[in-house]
Amino acid sequence: QKMPPSLPATINIQEPRWDQSTFQGRAKHFFMVTDPRNLLLSGATLEEARRVVEDYRAGTVHPGLTEDQLWRAKYIYDSAFHPDTGEKMILVGRMSAQVPMNMTITGCMLTFYRTTPAVLFWQWVNQSFNAIVNYTNRSGDAPITPSQLGTAYVSATMGAVVTALGLKSLTKHLPAIIGRYVPFGAVAAANCINIPLMRQRELKLGIPVTDENGNRLGESTAAAQKAIFQVVVSRIGMAVPAMAIPPVIMNMLEKRAFLKRYPYLNAPLQVGLVGLCLVFATPLCCALFPQKSSMPVSSLEPEVQDKIRKKDPWLETVYFNKGL
């Protein structure tokens, strides 16, 4: 039996499989990255994927390896290992955990929003989860200190709780449907606090910027600001369908006899509706901006521009990992 032809060592697996200059290409990429089934993969499968990817990058092609198998290994690798540091990411912080974790937490926030203790508890749970996600998916390879981590976590949790309680008191005398949107206001406010604080080191010291071929040119705080802004927009966008559509449906269902007869189905229904929204919203909102973002050299800080001009006077665009 003839062996299949050996795979060429020229496939660029440094980049995603699909064209990242188009929204459709980015969406296909992130549907793979956020696939919850990746969470079920064993440690041995992850290590095998890492071995295949790292060997291929080094020019070693495993016998019998097909292009589809190579890309499958690449996406398994990307789902579990940080793109800048190469370290294995915390399980609940991976993008493949976004849908199951967020559907549970968001569903509970939307279900148990009527009492102050419930608001406090679920906002705390949500911000604890967000802190893990933001740390796990940070851009760059600079470490964050425990004090910075603690400050970001406490500040975001307090911001979310204060916003939620403030909005809750303002909506006391408004229609019930308005009260259902309190969790969304709190989540949006917390994202604006949590992400910049969790990535404050990047804002102070900058993130790595490279040329088109991945050659590191320096660190830029301007690139960090753009990266963090894009992530905040994506995260808020991710929350919109999951926190805007289920309240309307649940408000209608609660007026019907079915939920009055079976009130214990309220939370599972809410979680299911949120999950359905997140399956699509998570990859589509991650795809709003390219993972490998870019900006003109002229938009960087003057000292970074000078450093780059000495290396390559004609370079016009730099690239950076925006994080997720």
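Keep in mind the model is a prediction, meaning the values are calculated, not measured.

Criteria and cut-off values
- Residues numbered from 1 in each chain as written.
- Predicted model: local features only at pLDDT ≥ 70, side-chain atom pairs only at ≥ 80, totals over all residues.
- Heavy atoms only, no water.
- Axes fitted to C-alpha atoms, helices over the stretch in contact; angles between N-to-C directions.
- Helix = DSSP H or I, 4+ residues; strand = E, 2+ residues; numbered from the N terminus.
- Parallel < 35°, antiparallel > 145°, perpendicular 65-115°, else oblique.
- Left-handed = near helix turned anticlockwise from the far one by under 90°.
- Contact = heavy atoms within 4.5 Å.
- Nonpolar A, V, L, I, M, F, W, Y, C, P; charged D, E, K, R; others polar.
- Pairing = 2+ DSSP bridges.
- Salt bridge = Lys/Arg side-chain N within 4 Å of Asp/Glu carboxyl O.
- Buried < 20%, exposed > 50% of the residue type's maximum accessible area, 1.4 Å probe, protein only.
- Domains from an automatic or database assignment.
- Buried area = accessible area lost by both parts, 1.4 Å probe.
- Polar contact = N/O pair within 3.5 Å; in protein donor to acceptor, adjacent residues only side chain to side chain.
- Expected span 1.5 Å × (residues − 1).
- Bend = angle between axes of the 7 residues up to and from the residue.
- 1 Å grid on protein atoms, 1.4 Å probe; cavity = no way out; pocket = protein on both sides within 12 Å on 5 of 7 lines; lining within 4 Å.
- Points joined across faces, edges and corners; volume = space filled by probe spheres on them.

Draft legend 1. Layout of the packing of helix 2 (residues 43–57) against helix 3 (residues 67–80). Their axes nearest at 8 Å, the elements helix 2 and helix 3 cross at an angle of 115°. Here helix 2 is positioned roughly perpendicular relative to helix 3, judged by the angle of their axes. Of the two elements, helix 2 crosses helix 3, and the hand of that crossing is left-handed. Packed against helix 2, whose contacting residues are Thr 45, Leu 46, Ala 49, Arg 50, Val 52, Val 53, Glu 54, Tyr 56 and Arg 57, the element helix 3 presents Leu 70, Ala 73, Lys 74, Ile 76, Tyr 77 and Ala 80 at the interface. Of the residues contributing to the contact of helix 2 with helix 3, the split by class is ten nonpolar, one polar and four charged.

Draft legend 2. Spatial organisation of the pairing of strand 2 (residues 216–220). In this structure, strand 1 (residues 207–210) lies alongside strand 2, joined through four bridges in antiparallel fashion. Bridge pairing links Thr 210 to Arg 216 in strand 2. Hairpin remark: strand 1 followed by strand 2, antiparallel, with five residues in the connecting loop; positive phi at Gly 214, about 90°.

Draft legend 3. Quick peek at the pattern of salt bridges. Evaluated as defined, the whole model comprises nine salt bridges. Put simply, Lys 88 and Glu 47 hold a salt bridge, and the shortest N to O gap is 3.8 Å. One end of the pair, Lys 88, is in the loop between helix 3 and helix 4 (98–111); the other, Glu 47, is in helix 2, and 41 residues separate them in sequence. Owing to a relative accessible area of 35%, Glu 47 belongs among the partly exposed residues under this scheme. Salt bridges sharing partners connect three or more residues here, namely Glu 47, Arg 50, Glu 54 and Lys 88.

Draft legend 4. How the structure looks around the domain arrangement of the protein. Here the protein is described as being made up of domain 1 (23–88) and domain 2 (93–321). For domain 1 versus domain 2, the separation of C-alpha centres amounts to 25 Å. Contact with domain 1, which involves 20 residues of that partner, is made by 24 residues of domain 2. Buried surface at the junction of domain 1 and domain 2, both sides included, amounts to about 1,800 Å², of which 65% is carbon and sulfur. Summed over the shared surface of domain 1 and domain 2, the result is zero salt bridges. On inspection of domain 1 and its partner domain 2, the count reaches two residue pairs in polar contact (both at pLDDT 80 or more). Contributing elements (two or more residues each) for the side of domain 1 that touches domain 2: helix 1 (23–33) and helix 3. At six residues, the largest contribution of residues to the side of domain 1 that touches domain 2 is made by helix 1. By residue class, the composition of the side of domain 1 that touches domain 2 is ten nonpolar, five polar and five charged.

Draft legend 5. The arrangement of helix 12 (residues 266–286) in detail. The terminal C-alpha atoms of helix 12, which comprises 21 residues, lie 29 Å apart, in line with the 30 Å expected from a rise of 1.5 Å per residue. Along helix 12, the sharpest kink reaches roughly 35°, centred on Leu 278.

Draft legend 6. Up close: the packing of helix 4 against helix 5 (residues 116–136). Remark: helix 4 packs on helix 5, axes separated minimally by 9 Å, with the N-to-C direction vectors making an angle of 160°. Classified by the interaxial angle, the pair formed by helix 4 and helix 5 is roughly antiparallel. Considering how the two elements wind past one another, helix 4 and helix 5 form a crossing that is left-handed. Mapping the contact onto sequence places Gln 98, Met 101, Asn 102, Ile 105, Cys 108 and Met 109 in helix 4 and Trp 122, Gln 123, Val 125, Asn 126, Phe 129 and Val 133 in helix 5. Residues that form the contact of helix 4 with helix 5 fall into these classes: eight nonpolar, four polar and no charged.

Draft legend 7. Representation of the layout of surface pockets in the model. Here the largest pocket is characterised by a volume of approximately 1,200 Å³. Lining the largest pocket are 40 residues, and of these Gln 14, Pro 83, Asp 84, Lys 292 and Asn 321 sit closest to its centre. Elements supplying a minimum of two residues to the lining of the largest pocket: helix 1, helix 3, strand 1 and strand 4 (317–321). With four residues, the top contributor of residues to the lining of the largest pocket is helix 3. Taken together, domain 1 (23–88) and domain 2 (93–321) each give at least three residues to the lining of the largest pocket, which thus spans both.

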